[in-house]
Amino acid sequence: MKVTRGVGAVVLLGLGCVACGCRAHPVSLGMMLVGEVVADVDLDDRQAQLIGRPASAADEMFGKRTDAFIYLGDESRQVLWYAADADLLSVDRWVVEVDEGEIVVLAKTKENIDGAEDVIRSLDLRSKMIGKTPAECRRAADLKKPVAKFRSVKTDDLVFVYDVRNFTNLRGARYCLLRFDRSNKCHDVKLVGVSASTKEEPLSSPSATPTAGGSG
């Protein structure tokens, strides 16, 4: 049974509060980087085994990390990704948040690939962003300043997270993620939290440009 996005955000935040008390943060970093939280029959047991332990405990439980993201606002905070068992499409993953060396949040998540990709194509977002610098991307889509920045340990990419919850043509997406390579050029665009697959409903006009009330 899938947990709704709104409930999922509360679940993650609640886990952080339980695990680390006053160290809990108002926004879960993991929710900025993934799609939807999903239920798992083993979640409670896994939480009991991991919360409060060092990151190496997650490595022992889930195996090799598929990536890790260092939060540039506070490098003691990291988000670790692990593939879910038997997930051949790599859309399900275990997400582990680490704060000052201790695991504070564990969740299982799913990327909402179909809906997000349909919106990206319909608005031609990649053609507006790919090959551009962060400042150029902000001007191209009228984005506000990023709400968070991460560095991928696997690729050394910078991942800038933009709050797009006020956009009217992104189907309820919470965040837009832009990945920048070492030359500071965007090479990937991702939407997080699209409300439903757009295959069942009409898409916005391809010529529409998202606006968020800000400029570069």
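Residues numbered from 1 in each chain as written. Predicted model: local features only at pLDDT ≥ 70, side-chain atom pairs only at ≥ 80, totals over all residues. Heavy atoms only, no water.

1. As for the pairing of strand β2 (residues 65-71)
Item 1. Where burial is concerned, most of β2 is hidden: 5 out of the 7 residues are buried.
Item 2. Bridging between β2 and strand β3 (residues 77-83) involves 5 bridges; their strand directions are antiparallel. Across the sheet, residue Phe69 finds its bridge partner in β3, namely Val79.
Item 3. Remark: 5 residues form the turn of the hairpin made by β2 and β3, two consecutive strands paired antiparallel.
Item 4. Where β2 and strand β6 (residues 148-152) come together, 3 bridges link them in antiparallel fashion. Paired with Phe69 across the strands is Ser152, a residue of β6. (Buried < 20%, exposed > 50% of the residue type's maximum accessible area, 1.4 Å probe, protein only. Helix = DSSP H or I, 4+ residues; strand = E, 2+ residues; numbered from the N terminus. Pairing = 2+ DSSP bridges.)

2. A short note on helix α3 (residues 43-50)
Item 1. Restricting attention to buried positions, one finds in α3 the residues Leu43, Arg46, Gln47 and Leu50. For α3, the buried positions fall inside an angular range of 105° around the axis, keeping them on one side. Turned more than 90 degrees away from the buried face of α3, the exposed residues are Asp44 and Ala48.
Item 2. Downstream of α3 by one or two residues, Gly52 has phi in the positive range, about 90°. (Arc of directions from axis to C-beta.)

3. Some details on the sheet that holds β2
Item 1. If you trace the 9 strands from one edge of the open sheet to the other, you get β1-β5-β4-β3-β2-β6-β7-β8-β9, paired in antiparallel fashion. Of all strands in the sheet, those with a lone pairing partner are β1 (36-37) and β9 (186-192), marking the two edges.
Item 2. Examined bridge by bridge, strand β7 (residues 158-163) and strand β8 (residues 175-180) share 6 bridges and lie antiparallel to one another. Note that in β8 the partner of Val159 across the bridge is Arg179.

4. Overview of helix α4 (residues 55-62)
Item 1. Inspection of α4 places Ala55, Ala57, Ala58 and Phe62 among the buried residues, and these make up the whole buried set. All buried residues of α4 lie within an arc of 150° about the axis, which places them on one face of the element.
Item 2. Tucked inside the fold, the buried residues of α4 contact α3, β2, β3, β4 (92-99) and β5 (102-110).
Item 3. Where α4 terminates, the next one or two residues include Gly63, which has phi positive at roughly 90°. (Contact = heavy atoms within 4.5 Å.)

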